[in-house]
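# Tertiary structure, described
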Amino acid sequence: MESSYFSHMRAAANSFLSQYEPLTLVISPLLAVVIARLIQWLVDVVNEKGVKAAVLGFLIGSAKLVPAVKRYIDAEKQKVVDKLQSGSKSKRDGWITELPRSGLGEGVIEKMKEEKRNDVVWQGKCSGTVYIGGSESEGHFTLINEACSMFAHTNPLHMDVFQSVARFEGEVVAMTATLLGSKEKASGGQICGNMTSGGTESILLAVKSSRDYMKAKRGITRPEMIIPESAHSAYDKAAQYFNIKLVRVPVNKEFQADVKGIRLRINKNTILIVGSSPGFPHGIIDPIEELGELASSFGICFHVDLCLGGFVLPFARKLGYPIPPFDFSVEGVTSISVDVHKYGLAPKGTSVVLYRNHDIRKFTEWSGGLYVSPTIAGSRPGSLIAGAWAAMVSLGQEEYELHMGKGVKIYDIHINPKSYKLEFLGELVVQHGYLNNTREIMEVSKKLQKGIKDIPELFIIGRPDMTIVAFGSDVIDIFEVNDILSSKGWHLNALQRPNSIHICVTLQHVLVIDDFLSDLKESVQTVKQNPGPVNGGLAPIYGAAGKMPDRGMVQELLVNFMDSSC
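Not measured: the values here are computed from a predicted model.

### Focus: the overall build of the protein chain
Along its length, the protein chain carries 19 helices and 16 strands. Counting every position in the protein chain, which comprises 566 residues, the buried fraction comes to 43%. A sequence separation of at least 24 residues applies to 70% of the contacts in the protein chain between residues at least 6 apart. Carbon and sulfur atoms form 57% of the exposed surface of the protein chain, whose accessible area is close to 31300 Å².

### Digging into the sheet that holds strand β14 (residues 468-472)
If you trace the 4 strands from one edge of the open sheet to the other, you get β13-β14-β16-β15, paired in antiparallel fashion. Both edges of this open sheet fall to β13 (459-460) and β15 (493-495), since each of them pairs with a single strand only. In terms of strand pairing, β13 meets β14 through 2 bridges, oriented antiparallel. Across the sheet, F459 pairs through a bridge with G472, a residue of β14. Packed on one face of the sheet, helix α15 (residues 434-453) meets β13, β14 and β16 (500-504) and runs near 10° to β14. In the packing of helix α16 (residues 478-487) onto the sheet, contacts are made with β14, β15 and β16, and the angle to β16 comes to roughly 45°.

### Notes on α16
Counting buried positions along α16 yields 8 of 10 residues, so the element is predominantly enclosed. Turning to α16, its buried residues number three or more, namely I478, F479, E480, V481, N482, D483, I484 and L485. In this structure D477 caps α16, since a side-chain oxygen of it lies 2.9 Å from the backbone nitrogen of F479. Once α16 ends, the next one or two residues include G489, with phi positive near 100°.

### Here we look at the environment of G292
Here G292 shows up in helix α11 (residues 288-298). Along the primary structure G292 and G332 are separated by 40 residues, whereas in three dimensions their C-alpha atoms are 4.3 Å apart. Every residue in contact with G292, bar those within four places of it in the chain, is listed here: F302, V330, E331 and G332.

### Brief notes about the pairing of strand β1 (residues 192-196)
When you tally the buried positions in β1, you get 5 out of 5 residues, the bulk of the element. Burial along β1 is two-sided: C192, N194 and T196 facing one way and G193 and M195 facing the other are all buried. Of the pairings in the sheet, the one linking β1 to strand β7 (residues 351-355) comprises 5 bridges and is antiparallel in character. Across the sheet, residue T196 finds its bridge partner in β7, namely S351.

### A look at a negative patch on the surface
Taken together, E289, E290, E293 and E331 make up a surface patch of like negative charges. Relative to the assigned elements, E293 resides in helix α11.

### A closer look at the confidence of the model for the protein chain
When the pLDDT values of the protein chain are averaged, the result is 85; 79% of them are 70 or greater. Within the protein chain, no element has a lower average pLDDT than strand β8 (residues 366-368), which sits at 50, and none a higher one than strand β5 (residues 301-305), at 98.

### What to know about the pattern of salt bridges
All chains considered together, the criterion is met by 14 salt bridges. With a shortest N-O distance of 3.0 Å, R380 and E169 are connected by a salt bridge. With R380 in the loop between β9 (371-373) and α14 (382-395) and E169 in helix α7 (residues 163-179), this residue pair connects regions lying 211 residues apart in the sequence. For the pair shown, R380 and E169 are each scored as buried. A cluster of three or more residues bridged by salt bridges with shared partners is formed by K208, R211 and D212.

### Comments concerning the side chain of S187
In this structure, S187 sits in the loop between α7 and β1. If we skip the residues at most four places from it in the chain, S187 touches G181, S182, F328 and R356.

### Quick look at the pairing of strand β4 (residues 270-276)
Each regular strand shows side chains that alternate between the opposite faces of the sheet. Extensive coverage of β4 is indicated by the burial of 7 of its 7 residues. Of the strand pairs in this sheet, strand β2 (residues 224-228) and β4 are connected by 3 bridges, and their pairing is parallel. Looking at β4, one finds that I226 is bridged to I273. Each parallel crossover has a hand, and for β4 linked through α11 to β5 it is right-handed.

### Quick look at unusual backbone geometry
Excluding glycine, residues mostly have negative phi values, and the peptide bonds linking residues are mostly trans. A cis amide bond links S277 with the next residue in sequence, P278, at an omega value of -5°. Within the fold, P278 resides in the loop between β4 and α11. Look at the link from R497 to P498: it is a cis peptide, with omega at 0°. Examined against the element boundaries, P498 turns out to sit in the loop between β15 and β16. The phi torsion at L345 lies on the positive side, around 60°, for a residue other than glycine. Within the element layout of this structure, L345 appears in the loop between β6 (335-339) and β7.

### Quick word on the packing of aromatic side chains
The tally for this structure, following the rule as stated, stands at 8 aromatic pairs. Their ring planes at 80° and their centres at 4.9 Å tell us that Y131 and Y343 sit as a pair that is edge-to-face. Here Y131, found in the loop between α5 (107-116) and α6 (139-150), pairs with Y343, found in the loop between β6 and β7; they are 212 residues apart in sequence, far enough to count as distant. Residue classification places Y131 among the buried positions, given a relative accessible area of 7%. Take Y343: its relative accessible area is 6%, and that puts it in the buried class. Judged by centre distance (5.7 Å) and plane angle (20°), the rings of F315 and Y434 are stacked. Pair noted here: F315 is in helix α12 (residues 313-318) and Y434 is in helix α15, with a separation of 119 residues, a long-range link. Across the pair, exposure class does not vary: F315 and Y434 are buried alike. An aromatic cluster is defined as three or more aromatic residues linked by ring pairs; in this entry it consists of F151, F168 and W389. Positioned above the aromatic ring of W490 is the side chain of K125, whose terminal nitrogen or guanidinium carbon lies 4.0 Å from the ring centre.

Parameters and conventions
Residues numbered from 1 in each chain as written. Predicted model: local features only at pLDDT ≥ 70, side-chain atom pairs only at ≥ 80, totals over all residues. Heavy atoms only, no water. Helix = DSSP H or I, 4+ residues; strand = E, 2+ residues; numbered from the N terminus. Buried < 20%, exposed > 50% of the residue type's maximum accessible area, 1.4 Å probe, protein only. Contact = heavy atoms within 4.5 Å. Areas by Shrake-Rupley, 256 points an atom, 1.4 Å probe, with all protein chains shown as cover. Pairing = 2+ DSSP bridges. Axes fitted to C-alpha atoms, helices over the stretch in contact; angles between N-to-C directions. Polar contact = N/O pair within 3.5 Å; in protein donor to acceptor, adjacent residues only side chain to side chain. Patch = residues over 30% accessible without salt bridge, like charges linked within 9 Å, V, L, I, M, F, W, Y side chains within 5 Å. Salt bridge = Lys/Arg side-chain N within 4 Å of Asp/Glu carboxyl O. Lys, Arg positive; Asp, Glu negative; His and termini not counted. Charge placed at Lys NZ, Arg CZ, Asp CG, Glu CD. pLDDT = per-residue confidence, 0-100. Right-handed = clockwise from strand over helix to strand, strands pointing away. Phe/Tyr/Trp six-rings, centres within 6.5 Å; stacked < 30°, edge-to-face > 60°. Lys NZ or Arg CZ within 6 Å of the ring centre and 35° of its normal.

And the structure:
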């Protein structure tokens, strides 16, 4: 009976299909698959970029197919690139492009000094950039230089040979982990990690380990990670390198990660969500506790970017500042990145990536045969590891010592009924540990915020939690203000969405904050009285980039600028 039924169905199907050409029957399923894939692609693009951006991107992309339009756009892009270069092409004249026939010998040092003299004056004038206070020729600078020089030819890859450097790395990781909650019961007591070349590598390793961990745990083969728009651009690199779909979520009205928005975008392929403490653009801490709860409830990884805050927030909390939870004491946090070369005052090229346990960390081991390296690089400069160790151990939390030298004279008073005697003990010298450094830069940050609020044409973006202060204006072009400040020697960071500029306060600013506020007030008044682009300034470019509907074109501009610069 059953066989008869299937025979009847087969005969009916053959009768129905007999009216079509065989070629049509072959092509139709293939065409249906192609159309389905196209629809899926369109849905993915709209989900990622939004309807407006997707439509604009399609229209602009279509217009570029017209040769005349493409030539015009390319010419306009080149004008912008030339503007960004500001004549730097001429600086390439005289570059050494092949090995000299006769080497300079020790004379090369003088040549390097000559080139260094061409650098701009950065002392106290830059947002972030150099975090150590004082002069390059004294104090903490010279200590770091000596430490790096002592271990200049070491490589932690050969840990059996350079055992000192291997120990330094382990101790830097352990000390950093302790700062960020490894001794707290909630951390689980298994915090581990490695030193890396910087915050970007730390984030890359955390993302890779999360991807591989979630693949092993849940079998996720089409991974996605969700980040707030304020997250660092290193996540874009990680998404490209490791084939992960990147989902961006707009920040909330307080310029923090929008927990509800992130929750709505979590799906079966989500491997990781991200928070910052604080975020680079506006210096605002994301709601780490809420994000941790979200990650725990969905059983996914959660990375906290503490590259800026890792060596400030623990001490700011000790000083009484209202710092919300941000580290491994928060349930759900699976990895943390923290730069030692920023507020840790270590040499450039030193960062730490930490994992809640070895189960997550093991997925960063890039193996081949008996070769195992836990970072992207195999060989690494032991000098930088030694410099980071020296920075942390020399500074400590805070220390006071009595010794002969310049400082406040200390005496012991011996009193008896008939006389008294002063005994000179030495001079008090304050070793500026991390606690005192944090006290100084947090006070400068508060002074900076007050100074900006006193300028009626400006407003501060959100409520900064630390030492990064972003500000904009509804009355004048803030990028023109930035150009005026640049002409006065200041180097700040221009931001978009909203248009603003920010300054990252370091120890270099402690003595010059009044000068900066004075120049800022003057620059605001200059722009207010004489609005319009400054000759040679970048305000028109930043303004145009902020309004450009096709963000892909902005990316093309930056790539063209990079290609023409090196």
